[in-house]
Amino acid sequence: MNFTGKVALITGASRGIGRAVAIEFARHGADLALIGRDVEALRESAALCANARPGAVADIFTGDVAEQAAVERMVADAIARFGRIDFAVANAGQSIDALLLRLKSETIDRMLDVNLKAAFYLCGAVAKPMLKQRAGSIVLMTSIVGVMGNAGQAAYAASKAGLIGLAKSLAKELGSRNIRVNAVAPGFIETAMSEKMPDAAKEFLIKQAALGRAGKPEDVSGVVAFLCSDAAGYITGQTLVVDGGILM
């Protein structure tokens, strides 16, 4: 993969999968627009990108991806800085667990705002420059929970399932302009989010995995880079599961 001269914009780039994706793109030659709310963590991600490839440019843009105006501003600032956006990764996400009968309306709203609506805003903002370029790749970070569901995660699962439908629909809308849209569905990945899970739940998921281990952010980042590469030039509207063999 050679992303020299390309620009990748990544939301939720301050840690976990988002940070690993940023580093992966930097390794392959891309410059980075890193989006998030934690300035210090984003600076750490930018420094790691520079370490991955001397000369890599990684600029940070801060704001709440759940606010459409903020997303449009950050994308516009990134275009003003780099002149183009070739790859966009909607990685920002949040998980709040609750059984249906205890599920509060504000929890539903938050899951939809951060996990689903934010991706709509990002896709709408990056589609405009990509249409002018007549090229681009968008990757939406869903979850195996969005494919199979999970007790206690109805709101989270529904928001992640929505991303799969969004990817398929946008793939059909934008394909004629050489813009590809795909989704990646990670399984149990060791991140700050998964650290909050009970030990029993972690052990159960590891036992379910054919590979017998939890995944690492780097297990996902290479897949995202592949989907944006020329090697995946005829792949669009797909959801690629990266779960070590849990969902089979």
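Reference entry: report on the structure contained in this document. (Residues numbered from 1 in each chain as written. Predicted model: local features only at pLDDT ≥ 70, side-chain atom pairs only at ≥ 80, totals over all residues. Heavy atoms only, no water.)

Overview of the side chain of Asn 115
Point 1. Structurally, Asn 115 can be placed in helix H4 (residues 105-133).
Point 2. In this structure, Asn 115 is in contact with Ala 92, Gly 93, Gln 94, Arg 110, Tyr 156, Ser 159, Lys 160 and Leu 163, ignoring residues within four places of it in sequence. (Helix = DSSP H or I, 4+ residues; strand = E, 2+ residues; numbered from the N terminus. Contact = heavy atoms within 4.5 Å.)

Focus on the packing of aromatic side chains
Point 1. Here the structure, examined in full by the defined rule, presents three aromatic pairs.
Point 2. One cation-aromatic arrangement involves Arg 81 over Phe 82; the distance from NZ or CZ to the ring centre is 4.9 Å. (Phe/Tyr/Trp six-rings, centres within 6.5 Å; stacked < 30°, edge-to-face > 60°. Lys NZ or Arg CZ within 6 Å of the ring centre and 35° of its normal.)

Quick look at the packing of helix H3 (residues 68-82) against H4
Point 1. Packing of H3 against H4 leaves a shortest axis separation of 9 Å and a crossing angle of 30°. For the element pair H3 / H4, the angle class is roughly parallel. H4 is crossed by H3, and the crossing has right-handed handedness. Two secondary-structure elements touch here, H3 through Gln 68, Val 71, Glu 72, Val 75 and Ile 79 and H4 through Tyr 121, Leu 122, Ala 125, Val 126 and Pro 129.
Point 2. Broken down by class, the residue content of the contact of H3 with H4 amounts to eight nonpolar, one polar and one charged. (Axes fitted to C-alpha atoms, helices over the stretch in contact; angles between N-to-C directions. Parallel < 35°, antiparallel > 145°, perpendicular 65-115°, else oblique. Left-handed = near helix turned anticlockwise from the far one by under 90°. Nonpolar A, V, L, I, M, F, W, Y, C, P; charged D, E, K, R; others polar.)

Observations regarding the environment of Gly 175
Point 1. Summarising the element assignment, Gly 175 is placed in the loop between helix H6 (154-174) and strand S6 (179-186).
Point 2. For the pair Gly 175 and Arg 134, spaced 41 residues apart in sequence, the C-alpha separation works out to 9.6 Å.

Looking at the packing of helix H1 (residues 16-27) against helix H8 (residues 217-228)
Point 1. Between H1 and H8, whose axes approach to 8 Å, the crossing angle comes to 50°. Considered as vectors, H1 and H8 are oriented oblique to each other. Note that H1 runs across H8; the crossing there is right-handed. Of H8, the residues touching H1 (which contributes Gly 16, Ile 17, Ala 20, Val 21, Glu 24 and Phe 25) are Pro 217, Glu 218, Val 220, Ser 221, Gly 222, Val 224, Ala 225 and Cys 228.
Point 2. Classifying every residue of the contact of H1 with H8 gives nine nonpolar, three polar and two charged.

Some thoughts on the sheet that holds strand S2 (residues 31-36)
Point 1. Strand order in this open sheet of seven strands is S3-S2-S1-S4-S5-S6-S7, and the pairing throughout is parallel. The two strands at the open ends of the sheet, each matched to only one other strand, are strand S3 (58-62) and strand S7 (239-242). In this sheet, neighbouring strand axes are inclined to one another by 20° on average, regardless of whether the strands run parallel or antiparallel.
Point 2. Judged from the five bridges that link them, strand S1 (residues 7-11) and S2 form a sheet pairing that is parallel. Paired with Ile 10 across the bridge in S2 is Leu 34.
Point 3. Sheet contacts for H3: S1, S2 and S3; angle to S3, the most-contacted strand, approximately 155°.
Point 4. Here H6 sits on the sheet and contacts strand S5 (136-141), S6 and S7; the angle it forms with S6, its principal contact strand, is near 160°. (Pairing = 2+ DSSP bridges.)

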